[in-house]
Amino acid sequence: MSADVSIQRARFGDTLAYVVQGFAFTAIVTSLPALKDRYELGDMAVGLVNLGVVVGAALGSVLADRLAVRFGSRIAVTTALTLQGLALVAVALGVPFPVFVVAIVAFGLGLGASDAGQAMQAVLIQRRIGKSVVGSFFAAFTAAGIVATVVTSFSTATTLGMTLTVSVAAVVVLAAASAMPWLLDPSRERGADAVREHHARKLPVRGIVLVGLLLLGAFVADSTVQSWSSIYLSDTLGAPEALVPLGLGVYLALTLITRTVLDFVVRAYGRFVLGAVTMGIAIGGAVLLALVPHEWVAIAGFGVMGLGVGAIVPLVYSAAGDLAPERSDEVIARVNIFQYGGSVVGAVVPGFISDAIGLNWAFLV
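Counting restarts for each chain: residues are numbered from 1 in the order of the written sequence. Under the rules for a predicted model, residues below a pLDDT of 70 receive no local features and side-chain atom pairs below 80 are neither given nor counted, while totals for whole chains, interfaces and linings still include all residues. Side-chain calculation: all heavy atoms of the structure are included, whereas hydrogens and water are not.

Here's the deal with the overall build of the protein
In step 1: Only DSSP runs of H or I reaching four residues or more are called helices, and only runs of E reaching two or more are called strands; each is numbered from the N terminus. A count of helical and extended segments in the protein gives 14 helices and zero strands.
In step 2: It is over C-alpha atoms that the radius of gyration is taken, and the globule rule equals 2.2 Å times the number of residues to the power 0.38. Here the protein has a C-alpha radius of gyration of 20 Å; the compact-globule value for 365 residues is 21 Å, and the two agree.
In step 3: Expressed as lengths along the three principal axes of its C-alpha atoms, the size of the protein is roughly 60 × 50 × 35 Å.
In step 4: Going through the 365 residues of the protein one by one, you find that 50% of them count as buried.
In step 5: Contacts were defined at the residue level, with two residues in contact if any of their heavy atoms lie within 4.5 Å. The contacts in the protein between residues at least 6 apart in sequence include a share of 85% that link residues at least 24 apart.
In step 6: Distance between charge centres in the protein, computed from 21 positive and 21 negative side chains, equals 12 Å. Think of it in three bands: residues with accessible area under 20% of the maximum for their type are buried, residues over 50% are exposed, and the middle band is partly exposed, with areas taken using a 1.4 Å probe on protein chains only. When charges are counted, Lys and Arg contribute as positive and Asp and Glu as negative, whereas His and the chain ends are disregarded. A charged residue contributes its charge at one atom only: NZ of Lys, CZ of Arg, CG of Asp or CD of Glu.

Structural notes on the side chain of Asp 65
In step 1: Looking at the element boundaries, Asp 65 is found in helix 2 (residues 43-71).
In step 2: Taking relative accessible area as the criterion, Asp 65 reaches 5% and is therefore assigned buried.
In step 3: If we ignore the near neighbours within four places in the chain, the residues touching Asp 65 are Met 120, Glu 330, Ala 333 and Arg 334.

Comments concerning the confidence of the model for the protein
In step 1: Per-residue confidence for the protein averages 87 on the pLDDT scale, and 95% of its residues sit at or above 70.
In step 2: Per-residue confidence from the predictor is given as pLDDT, running between 0 and 100. Across the protein, helix 3 (residues 73-92) holds the top mean pLDDT of 95, while helix 8 (residues 192-198) sits lowest at 51.

Quick word on the packing of aromatic side chains
Two descriptors summarise a pair of aromatic rings, namely the distance from one centre to the other and the angle between the planes of the rings.
In step 1: The criterion for an aromatic pair is that two Phe, Tyr or Trp rings (for Trp, the six-membered ring) have centres within 6.5 Å, with stacked assigned to planes under 30 degrees apart, edge-to-face to planes over 60 apart and tilted to the rest. Summed over all chains, the structure comprises nine aromatic pairs.
In step 2: A ring is considered to have a charge above it if a Lys NZ or an Arg CZ atom is located within 6 Å of its centre and within 35 degrees of its normal. Across from the ring centre of Phe 264, 5.2 Å away, lies the NZ or CZ of Arg 267, which sits over that ring.

Details of a nonpolar patch on the surface
In step 1: Together, Leu 48, Leu 51, Val 55, Leu 59, Val 344, Val 345, Val 348, Val 349 and Phe 352 line one region of the surface with nonpolar side chains, adding up to about 760 Å² of accessible area.
In step 2: Listing elements by their share of the nonpolar patch, those giving two or more residues are helix 2 and helix 13 (328-357).
In step 3: Mapped onto the elements, Leu 59 comes out in helix 2.
In step 4: On the basis of relative accessibility, which here comes to 52%, the residue Leu 59 falls in the exposed class. Without a salt bridge and with relative accessible area above 30%, a residue can belong to a patch; like charges are then joined within 9 Å and nonpolar side chains (Val, Leu, Ile, Met, Phe, Trp, Tyr) within 5 Å. To be clear on the numbers: accessible area is Shrake-Rupley with a 1.4 Å probe, and residue cover counts the displayed protein chains and nothing else. One speaks of a salt bridge when a side-chain nitrogen belonging to Lys or Arg is within 4 Å of a carboxyl oxygen belonging to Asp or Glu.

Quick word on the pattern of salt bridges
In step 1: Tallied over the entire structure, the rule returns five salt bridges.
In step 2: Put simply, Glu 330 and Arg 327 hold a salt bridge, and the shortest N to O gap is 3.0 Å. You'll find Glu 330 and Arg 327 in the same group, each marked buried.
In step 3: Residues joined by salt bridges that share partners form a network here, namely Asp 65, Arg 66 and Arg 334.

A few points about the environment of Leu 359
In step 1: Tracing the chain through its elements places Leu 359 in helix 14 (residues 359-364).
In step 2: Accessibility expressed as a relative area gives 4% for Leu 359, which makes it buried.
In step 3: Taking the C-alpha atoms as reference points, Leu 359 and Asp 235, separated by 124 residues in sequence, lie 9.7 Å from one another.
In step 4: Leaving out residues up to four positions away in the same chain, Leu 359 has contacts with Trp 228, Ile 231, Tyr 232, Thr 236, Pro 350 and Ser 354.

Here's the deal with the environment of Thr 15
In step 1: One can find Thr 15 in helix 1 (residues 2-38).
In step 2: Along the primary structure Thr 15 and Gln 118 are separated by 103 residues, whereas in three dimensions their C-alpha atoms are 8.7 Å apart.
In step 3: Aside from chain neighbours lying at most four places away, what touches Thr 15 is Phe 137 and Ala 140.
In step 4: Pairs of N or O atoms are called polar contacts if they sit within 3.5 Å, as long as, within protein, a hydrogen donor faces a hydrogen acceptor (for residues adjacent in sequence, only side-chain-to-side-chain pairs). A distance of 2.8 Å separates a polar atom in the side chain of Thr 15 from the backbone oxygen of Arg 11.

Comments concerning helix 6 (residues 162-183)
In step 1: Given a rise of 1.5 Å per residue, 22 residues ought to cover 32 Å, and the 31 Å separating the end C-alpha atoms of helix 6 matches this to within 8%.
In step 2: Each residue is assigned a bend, namely the angle between axes fitted to the seven residues that terminate at it and the seven residues that start at it. At Ala 177, helix 6 is bent by approximately 25 degrees, the largest bend along its length, and proline Pro 181 sits one to four residues beyond.
In step 3: Those residues of helix 6 lying buried are Met 162, Thr 165, Val 166, Ala 169, Ala 170, Val 173, Ala 176, Ala 177, Met 180 and Leu 183. Expected helix span is taken as 1.5 Å per residue step, with the number of steps being one fewer than the number of residues.

Digging into helix 9 (residues 205-236)
In step 1: The largest bend in helix 9 comes to about 50 degrees, at Trp 228.
In step 2: Downstream of helix 9 by one or two residues, Gly 238 has phi in the positive range, about 65 degrees.

A look at the side chain of Glu 295
In step 1: Residue position: Glu 295 is located in helix 12 (residues 295-321).
In step 2: Buried Glu 295, no salt bridge; nearest opposite-charge side chain is Lys 36, N-O distance 24 Å.
In step 3: Contact partners of Glu 295, with chain neighbours within four places excluded, come to Leu 233, Leu 237, Gly 238, Ala 239, Pro 240 and Leu 243.

Re the packing of helix 9 against helix 12
In step 1: Structural elements are reduced to axes, namely lines fitted to C-alpha atoms, with helices fitted over the stretch in contact, and the angle between N-to-C directions of any two is expressed from 0 to 180 degrees. Between helix 9 and helix 12, the least distance of the axes is 9 Å, while the angle of their chain directions is 155 degrees. On the basis of their axis angle, the class for helix 9 and helix 12 is roughly antiparallel. Crossing of helix 9 against helix 12: the hand is left-handed. Between helix 9, through Val 211, Leu 214, Leu 215, Ala 218, Phe 219, Ala 221, Asp 222, Val 225, Ser 229, Tyr 232 and Leu 233, and helix 12, the contact on the second element is made entirely by Glu 295, Ala 298, Ile 299, Phe 302, Met 305, Val 309, Ile 312, Val 313, Val 316, Tyr 317 and Ala 320. Here roughly perpendicular refers to angles of 65 to 115 degrees, roughly parallel to angles under 35, roughly antiparallel to angles over 145, and oblique to all remaining angles. Crossing handedness is read from the near helix: turned anticlockwise from the far helix by less than a right angle, it gives a left-handed crossing, and turned clockwise, a right-handed one.

Dropping the structure here:
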């Protein structure tokens, strides 16, 4: 009974970590226009801010690896969320621009460490439960992101504006960080001696690269949709202003649906079948976007892509955890770095493709 309680407590704790992470990340992303106005930034400066977050996140994944090996992934998640929360406090306070840059990079550092640490916890919990549950964590992340967009929309109608959104994010992240030491699974820490024995073995580099490339591909698609869907609908297709947000909204909604049912499908048919099917679905959505440049078809295409891409990410982390179960934390930390390369490619490369042959073909690429 006590073991069952500890597993459920850890599952609740990691779900909470995914929720506050999803909320905080979306809060920052949706606050970028207001931050741009506050500091009077140009588009290039905003791009550099985004790059700072991505670089910080890649370093954060390395930090999570070091913390997990030495102290366990529970400490990695706690440290990461604390770092994010403090960075959000600085952003909410409207600090001078140089301090803001440091805070944004620190937020990225916490973001990457949390991405990796939470996935480590998810794999540990899934292994203890004995059935697929990783999808539920990513569903929580996506749902929280949708809630954050609503909070941001509400905040813009208040005198506080973006400050309210970021302040709420800071409070919930710091509150969750304070609870993590009592909620998350400490089993990796208790197995530290056994882990050291396995360090003599080499990590499965080929498996890490192959699984990492799948993650990179998924995040190229995800970042492309998140960064360019609104621009495609408004500038390329000339969609009415009211329709422009629907592209990303439908994408997130279908991502949430596929992640909600993922665990049940994996239990029935296995990871390979679901992975193959969802990759095919994601490619189908991209083909639809490329070949039929119409606003409603585009919105449908974004939804189809969400249905496919949304499943690939949790499947990849689940597979990564099985490459070397005795060193899953280290494997996941390394695989996690691939997502940031995908995010950069998806945010930047479509702009070059658009200038050359049209933005619709960027989705196919």
